[in-house]
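# Reading the structure
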Amino acid sequence: MTELVTAAANTPTDTDLTEWDRDHHLHPWASTDSWRSDDYMRVNTARGIYLWDSTGKRFIDGPGGMWCVQIGYGRQDMADAIAKQVMEMPYASPWSSTSEPAAVLARKIAELAPGDLNNVFFTTGGSTAVDTALRTVQFYNNRLGRPDKKLILAREKGYHGSTYLASTVTGKERFNTKFDNASDLVRFLPDVNPYGRPEGMTLEQWCDQKVGDLEAMIETEGADNIGAFIAEPILCSGGVIVPPPGYHKRTLDICRKHDILYISDEVVTGFGRLGHWFASEDVFGIVPDMITCAKGLTSGYLPLGACIMSDALLKRMEAPAGEEVFYNGYTYSGHPVSCAAALKNIEIMENEDILGHVLRVTPHFQARLKQIGEDFDIVGDVRGMGLLGCIECRPDLPQETFDAHLKFGARLDMVCEEMGLMLRPSGNMAVFSPPLIITKDEIDDMFDIMEAGLKKLSAEYNG
């Protein structure tokens, strides 16, 4: 009896948890003027596409965690696979040993990746996968005796991570950050969003202009100084921006012409988001030199990322005489438990035909998204592909400033949360990437709430 009483007495209350989180837990992207007063929603349980907060209220998870919960929450088979590996062998140093899960997963990813991308370097997540790709560019050109060929070309509104090099090539121009980065290593190409093209310009003309931006940058900087071009197939965090048709293939051809490596950042689009294991070849018709991935690789159950490199790239790095060491790695590279989770995740997706399901429900998802654009005059643009979507409200609501857009997005978020939908607001935009297992009826529930929220805000902003 005494032990039971003691255990109960040591159980933290809701107030305790709120205070401990506020006082000791520094969250990503916390605001320095309020990080000791902000209270975050505490999520207690999750099943399928739903989350429940500490009060027991249920929410549809519109962002799918952080673009990552492909197979949904609460999978007992995933928990069993993780627990089994924990008990068998929870850790192996990647410097001096390997493990069965790491070896099997590397082979499996090589089978799923396009072309000759057969070499998998495991990382801890998306940011470190991108850092690995960029460090590989540096190593590669140093190895070939080209120390000046180091500039990275990236795109405005692109997001590639929070580590030093990954943040350096992130082009979200509205970030007001006091963090330093290696700005001398990167050049940004102008926005590729077709929504921003001049009135009367066709998609074909817009594509010509965006391809021309790349050619002009190479001419200005000199191909001998440019090491790589990094590009998301779809610029997800920047607002689910889908470049114009043909853009990816044409830019890859230009990179090939000038011996510039092409890095496809598939941290979001990889592992089923568009109905394919990878989007680079199956959706956009390109085979890059490197692919970075994370997020959907484990469906968010455990941290894991990977940089996948082509045989041709490794062969060129081997070419000069003399041994060189690839001094890049992480304590948790190829972590056995994370790799076991990824293998189970892929197995579940294959056995349950989740990729096929995505292809089947995508037309309904995109149709509901398009209808919102037609029904609400406060909406400026809707766009997406697969189970990715963005609703961008008019820039003049309430006025065309970033602070005003943030307040608008926060208001839309609050209204939808009240009705049971979690959003990921980004200024005057709301993005969607729900778990891939979402059904047509659940898609309707999600967008019904979104429409109700927009109807309420329409009344507020239109009077």
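This text gives an overview of the structure that appears in the document.

Each value, and the rule that gives it
Residues numbered from 1 in each chain as written. Predicted model: local features only at pLDDT ≥ 70, side-chain atom pairs only at ≥ 80, totals over all residues. Heavy atoms only, no water. Helix = DSSP H or I, 4+ residues; strand = E, 2+ residues; numbered from the N terminus. Rg over C-alpha atoms; globule rule 2.2 N^0.38 Å. Buried < 20%, exposed > 50% of the residue type's maximum accessible area, 1.4 Å probe, protein only. Contact = heavy atoms within 4.5 Å. Areas by Shrake-Rupley, 256 points an atom, 1.4 Å probe, with all protein chains shown as cover. Lys, Arg positive; Asp, Glu negative; His and termini not counted. Charge placed at Lys NZ, Arg CZ, Asp CG, Glu CD. Pairing = 2+ DSSP bridges. 1 Å grid on protein atoms, 1.4 Å probe; cavity = no way out; pocket = protein on both sides within 12 Å on 5 of 7 lines; lining within 4 Å. Points joined across faces, edges and corners; volume = space filled by probe spheres on them. Nonpolar A, V, L, I, M, F, W, Y, C, P; charged D, E, K, R; others polar. Right-handed = clockwise from strand over helix to strand, strands pointing away. Axes fitted to C-alpha atoms, helices over the stretch in contact; angles between N-to-C directions. Phe/Tyr/Trp six-rings, centres within 6.5 Å; stacked < 30°, edge-to-face > 60°. Lys NZ or Arg CZ within 6 Å of the ring centre and 35° of its normal. Salt bridge = Lys/Arg side-chain N within 4 Å of Asp/Glu carboxyl O.

Along the protein, the regular secondary structure elements total 15 helices and 15 strands. The globule rule puts the C-alpha radius of gyration for 463 residues at 23 Å, and the 23 Å found for the protein is close to it. Structurally, the protein occupies a C-alpha span of about 70 × 65 × 45 Å along its principal axes. Here the protein holds 463 residues, and 51% of them are scored as buried. Within the protein, contacts between residues separated by at least 24 positions form 72% of all contacts whose residues are at least 6 apart in sequence. Carbon together with sulfur atoms contributes 53% to the accessible area of the protein, which is approximately 21200 Å² in total. Both charge centroids of the protein, one from 43 positive and one from 66 negative side chains, sit 2 Å from each other.

Turning next to the pairing of strand β4 (residues 119–123). Within β4, four of the five residues are buried, which leaves the element mostly enclosed by the surrounding structure. Direction of pairing for β4 relative to strand β10 (residues 305–309): antiparallel, over a ladder of five bridges. The partner of V120 across the bridge, within β10, is I308.

Right, let's talk about the layout of surface pockets for a bit. In this model, the second largest pocket occupies a volume close to 430 Å³. Along the walls of the second largest pocket sit 21 residues, with P94, W95, F121, S333 and G334 positioned nearest its centre. When grouped by side-chain class, the residues that make up the lining of the second largest pocket number 13 nonpolar, eight polar and no charged.

With that settled, consider the pairing of strand β8 (residues 261–265). The buried fraction of β8 is high, at five of five residues. Residues L261, I263 and D265 point to one face of β8 and Y262 and S264 to the other, with burial holding for every one of them. Pairing geometry for strand β7 (residues 226–231) and β8, over four bridges, is parallel. Residue pairing across strands places I230 opposite I263, the latter belonging to β8. You can see the chain leave β7, run along helix α9 (residues 247–257) and come back into β8, and the turn it takes is right-handed.

Before going further, it helps to examine the sheet that holds strand β11 (residues 379–385). Taken together, four strands build an open sheet; the order of strands is β11-β12-β15-β14 and the sheet is antiparallel. In the strand order of this sheet, the two ends are held by β11 and β14 (424–426), each with one partner. Put simply, the sheet's adjacent strands are angled 20 degrees from each other on average, direction ignored. The pairing of strand β12 (residues 388–393) with strand β15 (residues 429–432) spans four bridges and is antiparallel. Along β15, the bridge assignment pairs C390 with V431. Against the sheet, helix α13 (residues 354–375) touches β11, β12 and β15, its axis set at about 170 degrees to β11.

Scanning all chains against the criterion turns up ten aromatic pairs. Aromatic side chains Y91 and Y332 sit 6.2 Å apart centroid to centroid with 85 degrees between the ring planes, which places their arrangement in the edge-to-face category. A residue pair is termed long-range when its members are at least 10 positions apart, and Y91 in the loop between α4 (76–88) and α5 (100–112) and Y332 in the loop between α11 (311–318) and α12 (336–351) qualify at 241 residues. Overall, Y91 belongs to the partly exposed group, its relative accessible area being 34%. Every member of this aromatic cluster is reached through a ring pair, and the members are F121, F139 and F326. Between the NZ or CZ atom of K210 and the centre of the ring of W206, over which it lies, the distance is 4.5 Å.

If you walk through the whole model with that rule in mind, you get 23 salt bridges. Residues D14 and R42 are paired through a salt bridge, measuring 2.9 Å at the closest nitrogen-oxygen approach. Taken together, the residues span a long stretch of sequence, with D14 in helix α2 (residues 14–24) and R42 in the loop between α2 and β1 (43–47) at a distance of 28 residues. The class for D14 is partly exposed, based on a relative accessible area of 47%. Here D444 ties to R368 by a salt bridge, and the two come within 2.8 Å at their closest N and O atoms. With D444 in helix α15 (residues 440–462) and R368 in helix α13, this residue pair connects regions lying 76 residues apart in the sequence. Given the relative accessible area of 14%, R368 is considered buried. Because the salt bridges share partners, they merge into one network encompassing R368, D444, D448 and E451.

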